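Descriptive structure summary
As a plain string of letters, each chain reads:
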Amino acid sequence: MRIDKPNPKQVEFLTATERYVAFGGARGGGKSWSVRTKAVLLCCKHPGIKVLIVRRTYPELMSNHIEILRRDCKEMAKYNEKDKILRFVNGSIIKFMYCDSDRDLMNFQGQEYHIIFLDEATQLSEHQMREISAILRSGANDGFPRRMYFTCNPGGQGHQYIKRLFIDKNY
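Residues numbered from 1 in each chain as written. Predicted model: local features only at pLDDT ≥ 70, side-chain atom pairs only at ≥ 80, totals over all residues. Heavy atoms only, no water.

Attention shifts here to the packing of helix H4 (residues 126-133) against helix H5 (residues 159-167). At a minimum axis separation of 8 Å, H4 and H5 run at an interaxial angle of 60 degrees. Put simply, H4 runs oblique to H5. Of the residues in H5, those touching H4 at Glu126, Met129 and Arg130 are Tyr161, Ile162 and Arg164. Its residues placed into classes, the contact of H4 with H5 shows 3 nonpolar, no polar and 3 charged. (Axes fitted to C-alpha atoms, helices over the stretch in contact; angles between N-to-C directions. Helix = DSSP H or I, 4+ residues; strand = E, 2+ residues; numbered from the N terminus. Parallel < 35°, antiparallel > 145°, perpendicular 65-115°, else oblique. Contact = heavy atoms within 4.5 Å. Nonpolar A, V, L, I, M, F, W, Y, C, P; charged D, E, K, R; others polar.)

With that settled, consider the pattern of salt bridges. Here the structure, examined in full by the defined rule, presents 11 salt bridges. Put simply, Arg70 and Glu81 hold a salt bridge, and the shortest N to O gap is 3.2 Å. Here the residue Arg70 occupies a position in helix H3 (residues 58-72), and Glu81 occupies one in the loop between strand E3 (77-80) and strand E4 (85-88), the gap between them amounting to 11 residues. Look at Arg70 and you get partly exposed, because its relative accessible area is 38%. With a relative accessible area of 39%, Glu81 lands in the partly exposed category. A salt bridge links Asp83 to Lys82; its shortest N-O distance comes to 3.4 Å. Residues participating in the shared-partner salt-bridge network are Arg55, Arg56, Glu60, Asp100 and Asp119. (Salt bridge = Lys/Arg side-chain N within 4 Å of Asp/Glu carboxyl O. Buried < 20%, exposed > 50% of the residue type's maximum accessible area, 1.4 Å probe, protein only.)

This paragraph deals with H3. In this model H3 runs 19 Å from its N-terminal to its C-terminal C-alpha over 15 residues, within 8% of the 21 Å that 1.5 Å per residue would give. The sharpest bend along H3 measures roughly 35 degrees and falls at His65. Along H3, the residues that are buried comprise Glu60, Leu61, Met62, His65, Ile66, Ile68 and Leu69. Its side-chain oxygen 3.2 Å from the backbone nitrogen of Glu60, Thr57 forms the N-cap of H3. (Expected span 1.5 Å × (residues − 1). Bend = angle between axes of the 7 residues up to and from the residue. Polar contact = N/O pair within 3.5 Å; in protein donor to acceptor, adjacent residues only side chain to side chain.)

The next subject is the pairing of E4. Taken together, the 4 bridges between E3 and E4 define a ladder with antiparallel strand orientation. Among the inter-strand pairings, Asn80 is bridged to a residue of E4, identified as Ile85. Here E3 folds back onto E4, and the loop between the two strands holds 4 residues, one of which, Lys84, carries a positive phi near 60 degrees. Bridge count for E4 against strand E5 (residues 93-98) is 3 bridges, and the pairing is antiparallel. Paired with Leu86 across the bridge in E5 is Ile94. (Pairing = 2+ DSSP bridges.)

Any functional reading would require information beyond the geometric quantities listed.
The structure is reproduced here in structure tokens:
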């Protein structure tokens, strides 16, 4: 996989190690590229980790992540269409899921991930973001820190929640 040179905001996102990180901005700012790149770098560096990438709809996942990663990672990972998992040769995985409505939250129950990316998080509701963040855990005491990354554009149903957490810092 060839990695293009990141812009300064992307570098900040790619090097962030806090438990919760938000990357906001206008369309075309490279947020989805940053999600894909960070997910792959983490999977390559840490064998056996489980990464989840979530968007509101499956077509968004296909066009923004799955198709691109299948092409770019074909030498190091294999995509399972049925399970929506990109499996790396070192045992790491990237799972792709969507949350278009609260009904979709049932699909997240019982799962555990080391890393979760909510791409275009402000399209999700506060309730949906909180429910998905509950699977940022692992029964394994593997020492790998759990992290959650939010990318977002201004507006959307989750805008006030993201603003309260990351701008107003009102937890």
